[in-house]
There are 2 protein chains.
Amino acid sequence: MSPVDHAELALLLEVASTPKPGNVDRRRDHADLRFEHFLAGAVGARPGLGAAADPDRPLGDAFERAVQGMSQQDGDNTQFGCLLLLVPLVRAASTDRLSPAGVDAVVDATTVDDAVAFYRAFEHVDVAVDDPPPDATALDVRQGADAEPAIREQGVTLADVMATSADRDGNAAEWTGGFERTFAAATAVRDDTGPVTDRLARAFLDLLAERPDTLVATEHGSETAAAVSRRAAAVRGDLDAAEDLAAQFRAEGINPGTTADLTAAAAFVALERGVPV
Amino acid sequence: MSPVDHAELALLLEVASTPKPGNVDRRRDHADLRFEHFLAGAVGARPGLGAAADPDRPLGDAFERAVQGMSQQDGDNTQFGCLLLLVPLVRAASTDRLSPAGVDAVVDATTVDDAVAFYRAFEHVDVAVDDPPPDATALDVRQGADAEPAIREQGVTLADVMATSADRDGNAAEWTGGFERTFAAATAVRDDTGPVTDRLARAFLDLLAERPDTLVATEHGSETAAAVSRRAAAVRGDLDAAEDLAAQFRAEGINPGTTADLTAAAAFVALERGVPV
C-alpha cells in the first residue's frame, strides 16, 4: 500500500479502535456525529492526501483540499486535526524521509502561501479553538480567509503559525517538535501484540495519560484536562476498565479529540513501518 | 464524490451497518475475520475500482486488480462478491448509464479476456463456491488461471460465465438480470429514513427475507438457506429483533454473505442517487 492508502486506512483504524474514551469509535456515536461520518470523511479526504504525497503540490493546498473533501458529510468536523498531522507525515513518507528529522524538514519548508491555505481550511468546518494570544488577534484562525492580508503583511509561514500555537494545541506541538509523540506511540503500537485496533486503543490511553488533551483544555479548562489524564492513567493498559471511563466521559461531555488525532497519526507511522492488519 | 469514492464508501458502509445477522459488522467480528480486515480491504480495492471507472481498461482486469488489492490484509476474502457487483456498476456509473439497461450493456460488452481475468482473481483469495455443473468441470473457478486454455477454446466471455452460474449464485444472477435486486434495494434505501447504516441493515434483512442466500445454500444446503430466509422475514423491519437473530446465526455458523454483497451494491447505487451520509 502507498502512503496515501496508509493515511486513509489510519483514519479508518483510528475511528474503529475502541474504547477511546470520549470519542466516537466502533461502539459509540455522539448525538450529531456518527461513525459513518468518519468513514465518509476518510474517503473524502483522499484527494487532499494524494496532493500531500506529491512534492510538487503546496502542502497548505493539500491540507485545505483534504479538509474540504473530508467535510462532504453531515457530521461537520470529523478529522481536521488528524489531517493536520497526516499531511506533513504523508509528504515525508512519500519523499522517503518518514523520521523526526524528515518531517521537520517538511515543516521548515512551509511558506506564507501554506499558512494562507491553512486559514482557508477553517472555512470548510467548525473547529473548536481557543482565543489567540492578545498580540495575535489579527491571526485568529477563526478569521479564515479574511486573515490573508495580515498573514502576508507579517510574512508568517505555516511553521510559524504552528509555533505560535504549540503551547496550547497538541497538534501544533507535534509540528514544532518533530512529531515526537507520534513516532513514540507508533513504536509502541508496532511492538504491541494483538489486533491493530486494540493496540491503537491502548496507545490512545497511554497518550492521554501522559499529557493533558488540549481540546479538553480548550473546552473545559486546564484543571479538567489534567484530571482527565489522571483518570486515563488509572485505566491504562486495561481496555475493560476503559469501557467504564468511556461511559463516564460521554456523560460528562469530555472529548479528548487531540489525543485521537495523535492516535491516527501514530497509526499512519505504524502502518508505514509494517504493523499488520 | 466520484463513483470510485462512492464504491469505496459503499464497502465501508456495508460492513459498518448493523445488525446484518451472520456477517461481520460494526458490532461483530468472526474468529479470523475482523472488522478492520474489511476496512483494509476497502482501501486496498481502490486502484481496481479506479480501473473499473476507466472505460479504456478491461473490466476483468479491473476486477482482478480490485481483488488483489483487497486481499492485502490478514482476513483473506473480505469483499470478493461485493467487488464482483461493484466493478460493472462503477463502469456503468462512470460512463453515465447507471441503470439496469446501462449495466446490461456493460455486462454484454465483456470478453473472453475478461473471463480469464475473472478466473485469475480466484488465485488471490479463498472463495466459497459450489461444484460446477457436470458439463462444466473444465470451467470450475477453483482452477483459477489453469482454466485459461478451456476458456479460450470454448470462447466463453465473462457474461457467459455468469449466465452459467446464475441459478446457484446470487451475484451471478445480478449480472444476468440487469442488477434488478440491487436497484430495487437502492430505491428502498434512498426512500427510507434515518442514518444510512440503519437503512442498509433494514435492506439486508429485506433482501435475505425475499430470497435464500446462495452462500448459505452452498455451505449448508438449500433447506437451511430457505429456513434462514424465513427467520429473516420474521424480524424484517425490526433491528432489535435482528440482534437476537445475529446471535443465533453466529452460534449456528450461518453466514449470508451473498446478501451482504447485494447490500454493498445497493449502497453504491443509493450513494450515486444522493442518499445522505
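Structural data are supplied above this passage.
Read on for an overview of the structure. (Residues numbered from 1 in each chain as written. Chains lettered and ligands numbered in written order. Predicted model: local features only at pLDDT ≥ 70, side-chain atom pairs only at ≥ 80, totals over all residues. Heavy atoms only, no water.)

## Digging into the overall build of chain A
And step 1. Summing up its helical and strand segments, chain A has 15 helices and zero strands in all.
And step 2. In terms of overall size, chain A behaves like a compact globule, its C-alpha atoms giving a radius of gyration of 17 Å where 277 residues would be expected to give roughly 19 Å.
And step 3. Referenced to the eigenvectors of the C-alpha coordinate spread, the extents of chain A come out at roughly 50 × 40 × 35 Å.
And step 4. Entry remark: accessible area of chain A is about 10,200 Å², with carbon and sulfur atoms responsible for 45%. (Helix = DSSP H or I, 4+ residues; strand = E, 2+ residues; numbered from the N terminus. Rg over C-alpha atoms; globule rule 2.2 N^0.38 Å. Areas by Shrake-Rupley, 256 points an atom, 1.4 Å probe, with all protein chains shown as cover.)

## Let's talk about the relation of the copies chain A and chain B
And step 1. Take chain A, turn it by 180 degrees, move it 0.0 Å along the axis, and it overlays chain B with an RMSD of 0.0 Å. The symmetry that links the two subunits is that of a two-fold axis. Residues of chain A ranked by C-alpha distance from the rotation axis are headed by arginine 26 of chain A, positioned 3.1 Å from it.
And step 2. Same-surface contact between copies: 100% of interface residues of chain A are shared with the interface of chain B. (Least-squares fit on C-alpha atoms with pLDDT ≥ 70 in both. Contact = heavy atoms within 4.5 Å.)

## Section: the packing of aromatic side chains
All names here are of chain A.
And step 1. Counted by the stated rule, this structure contains 13 aromatic pairs over all chains.
And step 2. Considering the side-chain rings of phenylalanine 80 and phenylalanine 118, the 6.5 Å spacing of their centres and the 55 degrees angle between planes classify their relative orientation as tilted. You can see phenylalanine 80 sitting in helix 4 (residues 80-94) and its partner phenylalanine 118 sitting in helix 6 (residues 112-121), a full 38 residues away along the chain. Taken as a pair, phenylalanine 80 and phenylalanine 118 share a single burial class, namely buried.
And step 3. Ring geometry for phenylalanine 80 against phenylalanine 122: centres 4.7 Å apart, planes inclined by 55 degrees, an arrangement best described as tilted. Taken together, the residues span a long stretch of sequence, with phenylalanine 80 in helix 4 and phenylalanine 122 in the loop between helix 6 and helix 7 (148-154) at a distance of 42 residues. (Phe/Tyr/Trp six-rings, centres within 6.5 Å; stacked < 30°, edge-to-face > 60°. Buried < 20%, exposed > 50% of the residue type's maximum accessible area, 1.4 Å probe, protein only.)

## With respect to the side chain of threonine 258 of chain A
All names here are of chain A.
And step 1. As for its placement among the helices and strands, threonine 258 is situated in helix 15 (residues 257-272).
And step 2. Taking relative accessible area as the criterion, threonine 258 reaches 8% and is therefore assigned buried.
And step 3. A polar contact of 3.3 Å, which involves the side chain of threonine 258, links it to the backbone nitrogen of leucine 215.
And step 4. In this structure threonine 258 touches Gly170, Asn171, Asp213, Thr214 and Leu215, once residues within four positions along its chain are discounted. (Polar contact = N/O pair within 3.5 Å; in protein donor to acceptor, adjacent residues only side chain to side chain.)

## Quick look at the interface of chain A and chain B
Bring the parts together and some accessible area is lost; that lost area is often taken as the interface size.
And step 1. Opposite the 29 residues of chain A that make contact, chain B presents 29 residues.
And step 2. Buried area between chain A and chain B, both sides added, is near 2,400 Å², and the carbon and sulfur share of it is 61%.
And step 3. When the area that chain A buries against chain B is broken down by residue, the three leading residues are Arg26, Val43 and Val277 of chain A, summing to 29%.
And step 4. Taken together, the links from chain A to chain B amount to two salt bridges. (Buried area = accessible area lost by both parts, 1.4 Å probe. Salt bridge = Lys/Arg side-chain N within 4 Å of Asp/Glu carboxyl O.)

## Some remarks on helix 13 (residues 222-235) of chain A
Residues and elements named next belong to chain A.
And step 1. In a regular helix each residue adds 1.5 Å, so 14 residues correspond to 20 Å; helix 13 covers 21 Å between its end C-alpha atoms and thus fits that length.
And step 2. Among the residues making up helix 13, those that are buried are Ala225, Val228, Ser229, Ala232 and Val235. Take helix 13 and look down its axis: the buried residues cluster within an arc of 125 degrees, on one side only. Turned more than 90 degrees away from the buried face of helix 13, the exposed residues are Glu223, Arg230 and Ala234.
And step 3. The inward-facing, buried residues of helix 13 contact helix 11 (196-210), helix 12 (214-220) and helix 14 (239-252).
And step 4. The first or second residue beyond helix 13 is glycine 237, which carries a positive phi of 80 degrees. (Expected span 1.5 Å × (residues − 1). Arc of directions from axis to C-beta.)

## Describing the environment of methionine 162 of chain B
All names here are of chain B.
And step 1. Among the secondary structure elements, methionine 162 is positioned in helix 9 (residues 158-165).
And step 2. The buried category is assigned to methionine 162, whose relative accessible area is 2%.
And step 3. Here the alpha-carbon distance between methionine 162 and alanine 115, two residues 47 residues apart in the chain, equals 9.4 Å.
And step 4. Setting aside residues no more than four positions away along its own chain, methionine 162 makes contact with Leu84, Phe118, Ala172, Trp175 and Thr176.

## A closer look at unusual backbone geometry
All names here are of chain A.
And step 1. Put simply, threonine 18 and proline 19 share a cis peptide bond, and its omega is -5 degrees.
And step 2. Along the chain, the position of proline 19 falls in the loop between helix 1 (3-16) and helix 2 (35-52).
And step 3. In this model, aspartate 76 sits at a positive phi of 60 degrees, which is unusual for a non-glycine residue.
And step 4. Mapped onto the elements of the fold, aspartate 76 is located in the loop between helix 3 (59-70) and helix 4.
And step 5. Judged by relative accessible area, aspartate 76 falls into the partly exposed class, the value being 32%.

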